[in-house]
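# Secondary and tertiary structure notes
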2 protein chains.
Amino acid sequence: MVTITDISKACGVSRATVSKALNGAPDVSQDTAKRVRETAKKLGYLPNATARALKVGRSYNIGILFSDTTGGGISHEYFSQILESVKAEAERLGYDITFISKDLGAMSMDYYEHAKYRSCDGVVIASADFTDPAIIRLATSEIPTVTLDYTFDSRTSILSDNVKGMEELVHFVYEKGHRKIAFIHGENTSVTQKRLVSFRKTCAALGIEIPPEYICPARYHDPKSSGLATRELLALSDRPTCIFYPDDLSFLGGLSELDRHDISIPEEMSVVGYDGIPLSQVLRPKLTTYRQGAERMGREAARLLVEEIESPDLWLPQQITVEGELLPGKTVRDLPDN
Amino acid sequence: MVTITDISKACGVSRATVSKALNGAPDVSQDTAKRVRETAKKLGYLPNATARALKVGRSYNIGILFSDTTGGGISHEYFSQILESVKAEAERLGYDITFISKDLGAMSMDYYEHAKYRSCDGVVIASADFTDPAIIRLATSEIPTVTLDYTFDSRTSILSDNVKGMEELVHFVYEKGHRKIAFIHGENTSVTQKRLVSFRKTCAALGIEIPPEYICPARYHDPKSSGLATRELLALSDRPTCIFYPDDLSFLGGLSELDRHDISIPEEMSVVGYDGIPLSQVLRPKLTTYRQGAERMGREAARLLVEEIESPDLWLPQQITVEGELLPGKTVRDLPDN
DNA sequence: TTGTATGCGTTATCAT
DNA sequence: ATGATAACGCATACAA
C-alpha cells in the first residue's frame, strides 16, 4: 500500500507537506505541490479513508436502514427505487452507503450502536417500524437522520404526499360515477392514517357516505390479507362498485379473490391500487394507481442529510413533501348512470 | 464517545488490559475481565470499527458491485434478491456491506481504487460488464473477489445453472408437442453463450432442427428490443409455435407485440421466459419460466468470500453452480398433433 | 497477570 | 514555505 510516507520519501519533503499539497492547502509552494501530486499519481497513491476518518472524525459514509418488518425490504420495488436514488445522490456528494442492521455477527447491537460502530456521519431511515424502540433511539440520537414517510420531532423527513394521492384517486373514481367505494387499508401507521383521513374527507366533500363495513383492515404488501378483506366485501348484501387497495402488490390478493368469484375487472368491479410500481403497469388491464415519487424522495433524503452533516450550524429540520402522479390505468369502469 | 481509555480510568487498569479483556484474551484475570466488561457496558462503550480497522488491517467490510450497464441495477428483482441474500449472510458472519461504484463525489476512481479507498476486505461482483477494464482490474487484483455468473481465472464464482435451465425448458415445450421453437437471446455474454449452446444442443438431441431465422438477438431486460425481435418472428412465412425470451421482463415487450397482432397466449403462440422473478407468476396467464436460485447464489457468494478473507492459506478458487427450478406456468400450449 | 511502548495513515498545530 | 510532533482509538509485542 502506498502511503503519504512513500510520497514524502520520493519527493524529499515531510509527510505534513505531502498531506497539505494533496489537500490543496494554501501554504505550500506551487512547485512542491505539483511535484507531490505527480509522484502521488506515479506511485498509485490512494488516500486511506479509514485513517482519515479516524483523524478528522468524519467517515464520509452514510448508513441506510431498511428493516423488513412491514414487507418494506429491499426487494420491494418502491424501496429498491429509493435505495437506488439515495445511493446515486450520496455518491454524487462524495459519500458511500452502508447498510445498518441489528446484530452484526456475534455482536448484538441495535441500530444506533451499529451506526456509531461504523462511524456513520448520518443515517437515512428508509423503511422501518417507527414504534420500534431501537428506531426511536437512533432517530432521537445525536446522529443526523432523515426519515422517509414518518416525522420525528425536530428531525428532517421526506414525505410522500399521501393526502393528495388519495384525493386524486377518489376524485378520479367519482368522476367515473362511483359512489359506493370501499377502502382496504394497511397497518395503523401515520401513512395509513393520512390516507384514511384523506379518503374520508374527500368522500365527505363530494357528498359520498361510506358505511363502516366498507373500511377494511389488512396489511401492506401482503396479498393474502387483502384477499381476505376482498372476500368480506364481496359477501356484503350491498357490494361496493369500487375497491381501494393498500398498495399495488396487495391488489394481487384481491385479484385472485375476484377471479375465484368470476368477477371481471373492471366490468363487474373497479379497483384502485397505490404506489405505481412498474409491475402495476404491466398487469392487464393496467392498474389504476398513484405513483409515489420514490426517485425524488431518495434524492432529497440524501441531499438534506448531507446538508445537515456538512453545515450543522445552518441546519434546520424540515419536512419535504414529494408529490406523485395518478396513473389512470384501465381498472375503473365508467358507470353508466349516477 | 466512550473509548477504552475511559474504561481504563474507571477501572484503574491500563488500556492494554482493557483491550485484552474486551477481546477475551486468555492472559487476564477473571476478576478484571468481568469488571472491565461491566464498566464497559455501564459507560455505554462501543468499539470503534474505524480505529480497529486501521490497526489490524481488516475492515470487516465487504463491497458489493452493481454496475448498471446491462439493466442489472438494484431494482431488478433478480439482483435485489441477490443483494438481500448477500447482505443477510455477510451480516450473519459479522461483515458490513458497502456499495462500490465509480466516481465518488469529486474524486474520480475506478472500482479497484474505490474498494482500496474503503479498505474493503473483499468484493462481491454481482452485476457488471465483465469486459469493462475497470471490472477486470478489480477481479484480477489482490483483493478477494467473488463474481456472479462469470468466471475469472483462479477466482471464485457462483454460476446459475444456465445449461440445465435451458435443457429443462426445451424438454418442457418439446413434451407439449412443440417443434418450431424460436429463441430470442440477450447480448453476447458468457451467460448468453451457455444458454444458446444448451438450447441448440438440447434441440439437436431431440432431433429438432432450428432454422437460423428462429434465433434472434435482443438485449436483456429491455422489453423494446424483444418486442422488435418478436415482430420479425411474426413476419416469417413459417412462424414458430413457441418463443423463448431472454428473460421475464423482456417477455413483456413480446406481449405488447403479440397483443398488437391480436395473437393470444398460449392459444395462438406459446412463450417462455427466464429468471422466475415474482412478477412472472403474477401475470395472467402465469409465465412458463425458469427460476434462478438467486437467494442461494447470494448466500454462497458471501460465504465463500468470507472464507477466502479469513483463511487465505486454506483457500482455493471454486466455481459453484446453483440450480434453479422450472415454473410450469400456463403460457405453453399443448399441441394436439405431433 | 498487568503495564509500557509503539504504530496503523492521516491531519492539525505550532515552530522554524 | 516547510517540518517536527502529536493525536485520533485500538491492538499487540514485549517487559515487568
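Reference entry: report on the structure contained in this document. In this text, all values refer to a predicted model and were calculated from it rather than measured experimentally.

Rules and cut-offs
- Residues numbered from 1 in each chain as written.
- Chains lettered and ligands numbered in written order.
- Predicted model: local features only at pLDDT ≥ 70, side-chain atom pairs only at ≥ 80, totals over all residues.
- Least-squares fit on C-alpha atoms with pLDDT ≥ 70 in both.
- Contact = placed C-beta atoms within 7 Å.
- Helix = DSSP H or I, 4+ residues; strand = E, 2+ residues; numbered from the N terminus.
- Nonpolar A, V, L, I, M, F, W, Y, C, P; charged D, E, K, R; others polar.
- Near = placed C-beta within 6 Å.
- Buried ≥ 20, exposed ≤ 12 C-beta atoms within 10 Å, placed from the backbone.
- Pairing = 2+ DSSP bridges.
- Axes fitted to C-alpha atoms, helices over the stretch in contact; angles between N-to-C directions.
- Arc of directions from axis to C-beta.

What follows is about the relation of the copies chain B and chain A. The two copies are related by a screw operation: chain B maps onto chain A through 180° of rotation and 0.0 Å of translation along the axis, at an RMSD of 0.1 Å. Here the symmetry operator amounts to a two-fold rotation axis. The rotation axis passes nearest to the C-alpha of Thr98(B) in chain B, at a distance of 2.4 Å. Both copies share a contact surface, since 100% of the interface residues of chain B are interface residues in chain A too.

Moving on, we get to the interface of chain B and chain A. Taken together, the 38 residues of chain B in the interface contact 38 residues of chain A. Mapped onto the side of chain B that touches chain A, the elements with two or more residues apiece are helix 4 (49-56), helix 5 (77-92), strand 2 (96-100) and helix 6 (111-117) of chain B. Broken down by element, the residue count for the side of chain B that touches chain A peaks at eight residues, all from helix 5 of chain B. The residue inventory of the side of chain B that touches chain A, partitioned by class, reads 17 nonpolar, twelve polar and nine charged.

A few words now on the protein's contact with DNA strand D. Inspection of the region around DNA strand D gives 26 residues, with Val13(A), Ser14(A), Ala16(A), Thr3(B) and Ala16(B) positioned closest. Contributing elements (two or more residues each) for the surface near DNA strand D: helix 2 (15-22) and helix 4 (49-56) of chain A together with helix 2 (15-22) and helix 4 of chain B. Split into classes, the residues belonging to the surface near DNA strand D amount to twelve nonpolar, eight polar and six charged.

A few words on the protein's contact with DNA strand C. Taken together, 25 residues form the shell around DNA strand C, and within it Thr3(A), Ala16(A), Val13(B), Ala16(B) and Ser29(B) come nearest. At the level of secondary structure, the elements contributing two or more residues to the surface near DNA strand C comprise helix 2 and helix 4 of chain A together with helix 2 and helix 4 of chain B. By residue number, the principal contributor to the surface near DNA strand C is helix 4 of chain A, which donates five residues. Taken together, the residues that form the surface near DNA strand C break down as twelve nonpolar, eight polar and five charged.

This next bit is on the environment of Ser154(A). All names here are of chain A. Mapped onto the elements of the fold, Ser-154 is located in the loop between strand 4 (145-148) and strand 5 (156-160). A tally of 8 C-beta atoms within 10 Å means that Ser-154 is categorised as exposed. Between the C-alpha atoms of Ser-154 and Pro-317, which are 163 residues apart in sequence, the distance is 5.5 Å.

Moving on, we come to the sheet that holds strand 9 (residues 270-272) of chain A. All names here are of chain A. One open sheet accounts for four strands, arranged 7-6-8-9; its pairing is parallel. Every interior strand has two partners, whereas the edge strands, strand 7 (215-217) and strand 9, have only one. With strand direction ignored, the average angle separating the axes of adjacent strands in the sheet is 20°. Contacts from helix 8 (residues 162-175) reach strand 6 (181-185), strand 8 (242-244) and strand 9 within the one sheet, and its direction differs from that of strand 9 by about 165°.

All names here are of chain B. For helix 2, every residue scored as buried is listed here: Thr-17, Val-18 and Ala-21. Down the axis of helix 2, the buried set is contained in an arc of 100°. They therefore lie on one face. Buried residues along helix 2 sit in contact with helix 1 (4-11) and helix 3 (30-43). Following helix 2 by one or two positions, Gly-24 adopts a phi angle in the positive range, close to 65°.

The next subject is unusual backbone geometry. That bond from Ile265(A) to Pro266(A) is cis: its omega, 0°, falls within 30 degrees of zero. Backbone torsion omega between Arg284(A) and Pro285(A) reads 0°, so that peptide bond is classified as cis. Tracing the backbone through its elements, the reader meets Pro285(A) in the loop between strand 9 and strand 10 (289-291). Notably, Asp103(B) is not glycine yet its phi reads approximately 55°, a positive angle. Within the secondary structure, Asp103(B) is located in the loop between strand 2 and helix 6. Positive phi, close to 60°, is recorded for Asp262(B), a residue that is not glycine. Relative to the helices and strands, Asp262(B) resides in the loop between helix 11 (248-260) and strand 9 (270-272).

As far as function goes, none of this settles anything; it's purely spatial.
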